[in-house]
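Notes for the structure review
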Amino acid sequence: MAGGHSSPFPPPSSTHRRRPQERDEERGEGERGSRRGGGRHLHGYTTTPTEEEQEREKSPMAHARSTGSLPVANVQALAETCNDPDQQIPERYIRADANADEVISGDDCTAAIPTVDLSKLLDPLSSDEETAKLGSACQQWGFFQLINHGVSEDVIRDARKDIAEFFRLPLETKKAYSQLPSGIEGYGQAFVVSHEQKLDWADMFYLVLRPGESRNMALWPAHPPSFRNSIDRYSSETARVARCLLEFMAKDMGVRPGSLLERFQDQPQGIRMNYYPPCREAGKVVGLSPHTDAAGLTLLLQVNDVPGLQIRSPGGRWLAVGAPPDDGAFVVNVGDILEIMSNGKYRSVEHRAVVRPDRERVSAAVFHRPCQDAVVGPLPELVGEGGGDNARYTSMGYLDFMKRYYSAKLDGRNHLDGLRIKLSSSKG
Ligand SMILES: O=C(O)CCC(=O)C(=O)O
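Because the structure is predicted, anything quoted here is derived from the model rather than measured.

Here we take up the confidence of the model for the chain. Looking at the chain, the pLDDT average stands at 82 and 80% of residues meet or exceed 70. Overall, residues 1-50 carries pLDDT values under 50, and its contacts beyond four positions in sequence, including any with other chains, amount to 61 contacts.

Encoded structure:
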């Protein structure tokens, strides 16, 4: 556990011991600064960041705080009003293109995504064969289901229970963990960059998980009481799984086993918990816009048994992923950074989430990212004199890469495609 103390968490500040309502009353406009331990945005004025703030800004997850989203309505609260047949769904949520594309669906669709078995990767007798399966899944689908991953059932059960319970808290309690204007971390929304853009039918709650010292414990809910412990355990276990996968991916790419791990040193990790309320016009709204993940590797847990994830299948059609199997398999996907590091061998695939008219849906994506000083670019072992291939992507520093990602709305593969180098095939 992080820190190796009897409690896995940093010692609580006085803020942590207060009830959220008390903090609300005290904060006013200055709340946001004070929760960060300083007065950055106190009443609209910029003040000197505290030492604590400065340290956090240097942390590998600083990007999560560097680009905020415009404030928009809480969708869970909106849904409670709008699902009354006398009420209209606000125009900003109505998407003309929501149902434009054909979707391959059906209860057996989960089977269509390749399955990778972590216990077979680790078994010397089956490791080579399973590594080839892993590689093929990453190259063709960019997605796979991971089974026998070794994360214990109780860790998954507790994370599921506490995430679902958090979203069931009264709005005012959840608001105590609201995002700050300058960052993605906290309860709110992401990627809202203009007052005109269409909005997703979902709320999210983002937390930085690793490295442990980057955690902003003031944003970790005190309710449900087991939340912090559950998410801490879940973080350690998923980081272990990601580490393992990165090693086997390096093997499949034909680079040194530590090549990816060096770039993912200390395993920066964040969790995005998504709450999709039911919508009586479910076919006209989108839960989460089509996008690719910036991160290296994402482990998605479908928190309740309501399906909603759709991915671009290799044939180009949307494929609906079925309800999660009972065994707590993860849906794993390759992010933009891994596509770039693999010089395009692996694919970061577009995906989206749809909503239901009758039931809420909850999911949790854990993103694994490289360290702050990593270069996001093709691995030197794969390009130029090292690997003989031409670099297919522009290289840039990780923080610049993330700023670029967070400063645009979610829009399919746009972010990633903007970094592709057009290789000339003509000789003249
Ligand atoms: O809710 C889902 O199934 C997808 C979530 C997702 O893509 C994300 O959080 O980035």
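A word on the pairing of strand β13 (residues 361-368). Counting buried positions over the eight residues of β13 gives eight, a clear majority of the element. What you see with β13 is no split at all: R361, S363, A365 and F367 on one side and V362, A364, V366 and H368 on the other are buried throughout. Two elements, strand β6 (residues 269-276) and β13, share eight bridges in a ladder whose sense is antiparallel. Counterpart to R272 in the pairing with β13 is A365. Pairing geometry for strand β8 (residues 297-302) and β13, over six bridges, is antiparallel. The residue bridging L299 from the neighbouring strand is V366, located in β13.

We now examine the environment of R361. Of note, R361 is situated in strand β13. Counting along the chain gives 85 residues from R361 to Y276, while the straight-line C-alpha distance between them is 5.0 Å. With residues up to four places along the chain from it excluded, the contact list for R361 reads Y276, N304, V306, G308, V355 and R356.

Before going further, it helps to spend a moment on helix α6 (residues 75-82). Inspection of α6 places V75, L78, A79 and C82 among the buried residues, and these make up the whole buried set. An end-on view of α6 places all buried positions within 100° of arc, on one side of the element. Buried residues in α6 make contact with β5 (203-210).

Across the sheet, eight strands lie side by side as β2-β3-β11-β8-β13-β6-β5-β4; this open sheet has mixed pairing. The open sheet is flanked by β2 (115-117) and β4 (186-188), the only strands paired with a single partner. Ignoring which end each strand starts from, the neighbouring axes of this sheet average 25° apart.

Conventions we followed
Residues numbered from 1 in each chain as written. Predicted model: local features only at pLDDT ≥ 70, side-chain atom pairs only at ≥ 80, totals over all residues. pLDDT = per-residue confidence, 0-100. Contact = placed C-beta atoms within 7 Å. Buried ≥ 20, exposed ≤ 12 C-beta atoms within 10 Å, placed from the backbone. Helix = DSSP H or I, 4+ residues; strand = E, 2+ residues; numbered from the N terminus. Pairing = 2+ DSSP bridges. Arc of directions from axis to C-beta. Axes fitted to C-alpha atoms, helices over the stretch in contact; angles between N-to-C directions.

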